[in-house]
Amino acid sequence: MKLLALAAALSIPLAAQAEATATAQLSNFRYEVIDLDLSDGIDAKLTLDDTGAIVMAGYYASLEGTPLPDPLDYHPGEGTATVAHATGNASATLTATGASATTTFHGPQGELFGQALYGHNFTLTANTRLVLYADAAVSGTVNADHYGYSNAITFITYRLPGDAEDTIVEDGIVSYMGLPDTRALTVGFSTGAASVSGTYGFTAGTYGTVAAVPEPSTYAMLGLGLAAIGWCARRRRHQ
């Protein structure tokens, strides 16, 4: 899934264009496991398997179709990815309990981005609730030529017995139309009579582009889209 749907290349000189910036911060990530039935003889437990950690930064010369970022700094594990380009720069940093990203963009076309993802595959016992918590802050700038925006998201993906498709629940904030936001994030789900497997984690990203800013409902999924690409690529490499 491409991060952005469309963009129009601008023909005015680079020096005449204003600069857009974006920052995202997610910190103090933690989880809570709650036993919903103390009389069922099952000790509430979250079993973790296959940690995923991906950090990346890159530049899309075109936002149409599915081009590959070039340049791209992409690697698994905690750390920092950085890209410097004629259109600006972008970076992202990842730890086990948080992620941050920043982008500065002044180019005539395309998009610069920084993205960090941390997650786990998990199994949750029956009659148990999993809740994720984090602190998040985002900011961005918008001008006549450029858009800088950001998001910070916590998410859980799971499939209940009998369901045909995965369910995704998420809580996040976005810097819609350049407006900053700061908020504690909370997201959770509960199992029923059977244990459930899934994936949980968090992501933070920033984007500088000439594309129009999407609505918040679409915007909140941009980070999850790129996170999913990175997560699936990582899973394929390890299968």
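For clarity, every value in this text was computed on a predicted model and none was experimentally measured. (Residues numbered from 1 in each chain as written. Predicted model: local features only at pLDDT ≥ 70, side-chain atom pairs only at ≥ 80, totals over all residues. Heavy atoms only, no water.)

Things to note about the overall build of the protein chain
Note the following rule: Each helix is a run of H or I in the DSSP string that is no shorter than four residues. Each strand is a run of E no shorter than two, and both are numbered from the N terminus. Exposed residues in this analysis have more than 50% of their type's maximum accessible area, buried residues have under 20%, and partly exposed residues fall in between, with area computed by a 1.4 Å probe over protein chains only. Here, two residues are considered to be in contact whenever any of their heavy atoms come within 4.5 Å of each other. Under the convention used here, a 1.4 Å probe and the Shrake-Rupley method define accessible areas, while residue burial counts only the protein chains that appear.
Within the protein chain one finds 2 helices and 12 strands. Along the protein chain, helices and strands appear, N-terminal first, in the series β-β-β-β-β-β-β-β-β-β-β-β-α-α. With 239 residues in all, the protein chain has 48% of them scored as buried. Put simply, 76% of the contacts in the protein chain that link residues at least 6 apart link residues at least 24 apart. Element-wise, carbon and sulfur atoms account for 55% of the exposed surface of the protein chain, whose accessible area totals about 10,500 Å².

Points about the confidence of the model for the protein chain
We count it as follows: The predictor attaches a confidence to each residue, and that confidence, scored 0 to 100, is pLDDT.
A residue-level look at the protein chain finds 80% of positions with pLDDT of 70 or above and a mean pLDDT of 82. This model gives residues 229–239 a pLDDT under 50, and the stretch forms 22 contacts once residues within four places in sequence are excluded.

Thoughts on the sheet that holds strand E6 (residues 98–105)
Just so we agree on the cut-off: Pairing between strands is defined by DSSP: at least two bridges between them are needed. Angles here are taken between N-to-C directions and fall from 0 to 180 degrees, while the axes themselves are lines fitted to C-alpha atoms, restricted in helices to the stretch in contact.
Pairing in this open sheet of 6 strands is antiparallel, and the strands run E4-E5-E6-E1-E8-E11 from one edge to the other. Looking at which strands have only one partner, the edges of the open sheet turn out to be strand E4 (79–85) and strand E11 (181–190). Taken over all neighbouring pairs, the strand axes of this sheet differ in orientation by 10° on average, direction set aside.

A short note on unusual backbone geometry
A cis amide bond, omega 5°, links aspartate 70 with the succeeding residue proline 71. You can see proline 71 is positioned in the loop between strand E2 (46–60) and strand E3 (72–76).

Structural notes on the packing of aromatic side chains
Stated formally: Two rings belonging to Phe, Tyr or Trp (six-membered ring only in the last case) form a pair when the distance between their centres is within 6.5 Å. Interplanar angles under 30 degrees mark stacking, angles over 60 mark edge-to-face geometry, and anything in between is tilted.
Per the counting criterion, the structure on display carries 9 aromatic pairs. On the basis of an interplanar angle of 50° and a centroid distance of 6.1 Å, the ring pair of phenylalanine 122 and phenylalanine 189 is categorised as tilted. Taken as a pair, phenylalanine 122 in strand E7 (residues 111–124) and phenylalanine 189 in strand E11 lie far apart in primary sequence, 67 residues in all. In terms of burial, phenylalanine 122 and phenylalanine 189 fall into one category: buried. Taken together, the ring pairs in this structure connect Phe29, Tyr31, Tyr118, Phe122, Tyr158, Phe189, Tyr200 and Phe202 into an aromatic cluster.

Considering the nonpolar core
Most often, soluble globular proteins have nonpolar side chains that are buried together. Applicable threshold: By convention a nonpolar core is built from buried Ala, Val, Leu, Ile, Met, Phe, Trp, Tyr and Cys residues, the set being connected through side-chain atoms within 4.5 Å.
Counting 38 residues, the largest nonpolar core has Leu94, Phe122, Leu130, Ile156, Phe189 and Tyr200 as its most contacted members. For tyrosine 200, the residues in contact, after removing those within four places along its chain, are Phe29, Tyr31, Leu46, Leu48, Tyr118, Gly119, His120, Phe122, Leu130, Leu132, Phe155 and Ile156. Counting 10 residues, the second largest nonpolar core, distinct from the first, contains Leu117, Tyr149, Phe155 and Tyr207.

Describing the pattern of salt bridges
For the record, the criterion: Each salt bridge in this description consists of a side-chain nitrogen of Lys or Arg and a carboxyl oxygen of Asp or Glu lying within 4 Å of one another.
Applying the stated rule across the entire model yields 2 salt bridges. Close ionic contact of arginine 183 with aspartate 171 constitutes a salt bridge, the shortest N to O distance being 2.9 Å. Here aspartate 171 lies in strand E10 (residues 167–174) and arginine 183 lies in strand E11, a separation of 12 residues in the sequence.

What to know about the sheet that holds strand E12 (residues 196–209)
Here we have 6 strands laid out as an open sheet, ordered E3-E2-E7-E12-E9-E10, and antiparallel in their pairing. Each of the sheet's edge strands pairs with one partner strand only, and the pair in question is E3 and E10. Shown here is a sheet whose adjacent strand axes are inclined to one another by a mean of 10°, direction ignored. Strand direction decides the pairing type here: E2 and E3, joined by 5 bridges, are antiparallel. Its bridge partner lying in E3, methionine 56 is registered against tyrosine 74.

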